[in-house]
Amino acid sequence: MGGCFSKPKPVELKIEVVLPEKDRGKEELSAGGKGSPRAYQGNGAARHFHAEERLPAPHPYPGAQDCVEAAVCHIKDLENGQMREVELGWGKVLLVKDNGEFHALGHKCPHYGAPLVKGVLSRGRVRCPWHGACFNISTGDLEDFPGLDSLHKFQVKIEKEKVYVRASKQALQLQRRTKVMATCISPSAGHSGSTNVLIVGAGAAGLVCAETLRQEGFSDRIVLCTLDRHLPYDRPKLSKSLDAQPEQLALRPKEFFRAHGIEVLTEAQVATVDVRNKKAVFKDGFKLEYSKLLLAPGSSPRTLSCKGKDVENVLTIRTPEDANRAARLARGRSAVVVGAGFLGMEVAAYLTEKAHSVSVVELEETPFRRFLGERVGRALMKMFENNRVKFYMQTEVSELRAQEGKLKEVVLKSSKVVRADVCVVGIGAVPATGFLRQSGISLDSRGFIPVNKMMQTSIPGVFAAGDAVTFPLACRNNRKVNVPHWQMAHAQGRVAAQNMLAQEAEISTVPYLWTAMFGKSLRYAGYGEGFDDVIIQGDLDELKFVAFYTKGDEVISVASMNYDPIVSKVAEVLASGRTIRKREVETGDMSWLTGKGS
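Residues numbered from 1 in each chain as written. Predicted model: local features only at pLDDT ≥ 70, side-chain atom pairs only at ≥ 80, totals over all residues. Heavy atoms only, no water.

For the protein, the name recorded in an unreviewed UniProt entry is Apoptosis-inducing factor 3, with Moschus moschiferus as its organism. Recorded in UniProt for the protein, the comment headed Sequence similarities (unreviewed entry) runs: "Belongs to the FAD-dependent oxidoreductase family." In its Subcellular location (unreviewed entry) section, the UniProt entry covering the protein states "Mitochondrion". (UniProt positions renumbered as here; feature names shortened; annotations may be inferred.)

Structural data, given as structure tokens:
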């Protein structure tokens, strides 16, 4: 599929805008680990994982007694392009009618459990209303991210104009399907000095790359190394839920890595990469030869450079330890957050219930200004002020003052002095690519690794993905951009794995991200850098709105609160290659989006 400027095919998106009142609060509970991405609660913890793995792929129906079958509706009950949740006694199923055919799938998004019936059906797939993951309705397979697992697909038959669904009870309860993976047939001899695939960085890009290789039948050695002391975890939750424990955040249980022969080296820092001899040298002197390499090192938080920057209790957030420490230090005390971007604002929101006081210091005049524009930023700022957060805008920190070595005051350039027991710094990040400077792999002037659409670097056999890369973005005419977001890292990790296996895949994902503050979610899709106008429908004061970001006469991105599934719809339209014109969103008539008249 070409960029956003190829001749648009008309896309029909039939689905009314639903505002799920009852589900709205549930989503962010998952940020506290209650519904962590591996939500096996209620079905007996992670041991089900292996039982699920052993089900033969095409027919996961172990035996009649383990299955349930029921008539769920009359064939005329659903129009083409409609979805409905139906009950089978042991659990619900998503029933979809598309092109005259019925499909039955798991009804919850495996990522955070969103009800897919409230999502968007388009081009043979359903897109999650919360975070944009996409599932093929014919197979249940995950086609766009975030999340790691696919949906179960259930048998449908039509008899006497009734629609029957047959499903295994276990699948109904699990609500997720991990794709079948190849076993590793070249076990590491002790810690032999060579591997087939070396992956540097165990965030979403690294993990998805490893899983994709196994799903595609790759059976050689895979080594995943990380600076962290933990197995891959859900990093976006750190700033939304500072108290979350590493085990609540884990994306996969320990057994998973063992079962699929994915070796993880924790607290392992690569010092240099020798591309000529295909060798990585670790800080402790350990050397590892590779034949294919994925660089997914992510980024390092920027720190303050002012006087007193090394005072105790001034911290950035990169690991669960950092997040837990910030929450502990702020309890009942005065907290200052520097930076009113996503990380800073999420931290400030979380701390309002823990800390005695929370203040935010920001150089711009409104929070999120570069990303969301003046008006949306101001509306969000008001929500924070109503929750007792004090803002010091258009200023920066000039000094951090200590008493007995520990932080006591933050002095601002405006000469205000703010009382502080802990200071969390969220002023952006830089790509963690210092170890590549002498490698011969091209880096740009800011330290990013440029890659092509196949995630290939300047060196054959060396791929890169995630927050540290710039790549050609299909929906912005292949402009080379950096999109440091969770969903995009997953997608790039997958494309890199496919190209290690010579499948010639290209990245074409539409960026999708979200933030959560005070139990409310803001969703965002597209790439809005350089927007010159914002068109807002709905009510900003009520935080029930959709904002379209335009450049010239084209819509380049969208943000919404309490307006689902509008962001997922726009993402689908952009993903189809169609350009959305400014005039289409100015009128307030959304029929172009819903496929129905206003």
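### Some thoughts on the overall build of the protein
Looking only at helices and strands, the protein features 15 helices and 36 strands. The 598 residues of the protein split such that 59% are buried. Restricting to contacts in the protein with at least 6 residues of sequence separation, those with at least 24 account for 63%. Summed over its atoms, the accessible surface of the protein is roughly 24600 Å², and 47% of this surface lies on carbon and sulfur atoms. (Helix = DSSP H or I, 4+ residues; strand = E, 2+ residues; numbered from the N terminus. Buried < 20%, exposed > 50% of the residue type's maximum accessible area, 1.4 Å probe, protein only. Contact = heavy atoms within 4.5 Å. Areas by Shrake-Rupley, 256 points an atom, 1.4 Å probe, with all protein chains shown as cover.)

### Some remarks on the pairing of strand E23 (residues 397-403)
Alignment of E23 against strand E24 (residues 406-412), held across six bridges, turns out to be antiparallel. Directly across from Ala-402, in E24, lies its bridge partner Leu-407. As consecutive antiparallel partners, E23 and E24 are separated by two residues, and within that stretch Glu-404 has a phi angle of approximately 50°, a positive value. (Pairing = 2+ DSSP bridges.)

### Some details on the environment of Ala-502
Position of Ala-502 among the secondary structure elements: in the loop between helix H12 (486-500) and strand E32 (512-517). In this structure, the C-alpha to C-alpha distance between Ala-502 and Met-454, residues 48 residues apart in sequence, is 9.9 Å.

### As for helix H5 (residues 204-215)
Here H5 is twelve residues long and its end C-alpha atoms lie 16 Å apart, about the 16 Å a rise of 1.5 Å per residue gives. The element H5 is largely enclosed, with a buried count of twelve among its twelve residues. Every buried residue of H5 is accounted for by Ala-204, Ala-205, Gly-206, Leu-207, Val-208, Cys-209, Ala-210, Glu-211, Thr-212, Leu-213, Arg-214 and Gln-215. Just past H5, the residue Gly-217 takes up positive phi, approximately 95°. (Expected span 1.5 Å × (residues − 1).)

### Examining the sheet that holds strand E13 (residues 262-265)
Strand pairing in a sheet relies on backbone hydrogen bonds, with the paired strands running either antiparallel or parallel. The strand order E13-E12-E11-E17-E29 describes an open sheet built from five strands, whose pairing is parallel. Edge positions in the sheet fall to E13 and strand E29 (462-464), since each has one partner strand and no second. For this sheet, the mean inter-axis angle between neighbouring strands, taken without regard to orientation, is 20°. Here strand E12 (residues 222-225) pairs with E13 via four bridges, running parallel. Considered in E13, the bridge of Val-223 is made with Glu-263. Most of the contacts of H5 go to E12, to which it runs at about 170°, and overall it touches strand E11 (197-200), E12, E13 and strand E17 (292-295). (Axes fitted to C-alpha atoms, helices over the stretch in contact; angles between N-to-C directions.)

### A few points about the nonpolar core
If you look at the biggest cluster of nonpolar residues, it comprises 85 residues, and the most contacted ones within it are Leu-198, Val-273, Leu-294, Leu-295, Ile-441 and Phe-471. Take this core: its biggest share by element is eight residues, from H12. Other than its neighbours up to four places away in sequence, Leu-295 contacts Val-200, Phe-435, Leu-436, Ile-441, Ile-449, Val-462, Phe-463, Ala-464 and Ala-465. Formed by 50 residues, the second largest nonpolar core is a distinct cluster that contains Val-347, Ala-355, Val-376 and Val-422. (Core = buried A, V, L, I, M, F, W, Y, C linked by side-chain atoms within 4.5 Å.)

### Some thoughts on the environment of Gly-206
Tracing the backbone through its elements, the reader meets Gly-206 in helix H5. Judged by relative accessible area, which is 0%, Gly-206 ranks as buried. Discounting chain neighbours no more than four positions away, the residues touching Gly-206 are Ile-199, Gly-201, Leu-224, Leu-294 and Ala-296.

### Here we look at the state of the cysteines
Tallying each qualifying case throughout the model produces zero disulfides. No disulfide involves Cys-134; its sulfur sits 8.8 Å from the nearest other cysteine sulfur, which is in Cys-128. Between Cys-423, a free cysteine, and Cys-306, which holds the nearest cysteine sulfur, the sulfur-to-sulfur gap is 8.2 Å. Looking at Cys-423, the relative accessible area reads 0%, which means it is buried. (Disulfide = S-S within 2.5 Å.)

### Description of the sheet that holds strand E6 (residues 125-127)
The four strands lie next to each other as E5-E6-E7-E8, forming an open sheet whose pairing is antiparallel. Because the sheet does not close on itself, it has two edges, and the strands there are strand E5 (120-122) and strand E8 (142-144). Strand after strand, the sheet turns through a mean of 30° between neighbouring axes, direction not considered. The sheet contacts of helix H13 (residues 566-575) involve E5, E6 and strand E7 (134-136), and relative to E6 the element is tilted by about 135°.

### Quick word on the packing of aromatic side chains
Evaluated as defined, the whole model comprises ten aromatic pairs. Ring centres of Phe-256 and Phe-257 lie 5.6 Å apart, and the angle between their planes is 85°; on these two criteria the pair is classed as edge-to-face. The exposure class assigned to Phe-256 is buried, which follows from its relative accessible area of 0%. With a centroid separation of 6.1 Å and 45° between ring planes, the pair formed by Tyr-524 and Tyr-549 is classed as tilted. (Phe/Tyr/Trp six-rings, centres within 6.5 Å; stacked < 30°, edge-to-face > 60°.)

### Section: the pattern of salt bridges
This model, assessed by the stated rule, comprises 37 salt bridges. The partner of Glu-211 in a salt bridge is Arg-252, with the nearest N and O atoms 2.8 Å apart. With Glu-211 in helix H5 and Arg-252 in the loop between helix H7 (246-249) and helix H8 (254-259), this pair connects stretches of sequence that are 41 residues apart. For the pair Glu-211 and Arg-252, one class covers both residues: buried. Across the salt bridge formed by Glu-399 and Arg-401, the nearest N and O atoms sit 3.6 Å from each other. Given the relative accessible area of 18%, Glu-399 is considered buried. Assessed through its relative accessible area of 34%, Arg-401 is described here as partly exposed. The structure contains a network of salt bridges with shared partners spanning Glu-364, Glu-365, Arg-369, Arg-370, Glu-374 and Arg-378. (Salt bridge = Lys/Arg side-chain N within 4 Å of Asp/Glu carboxyl O.)

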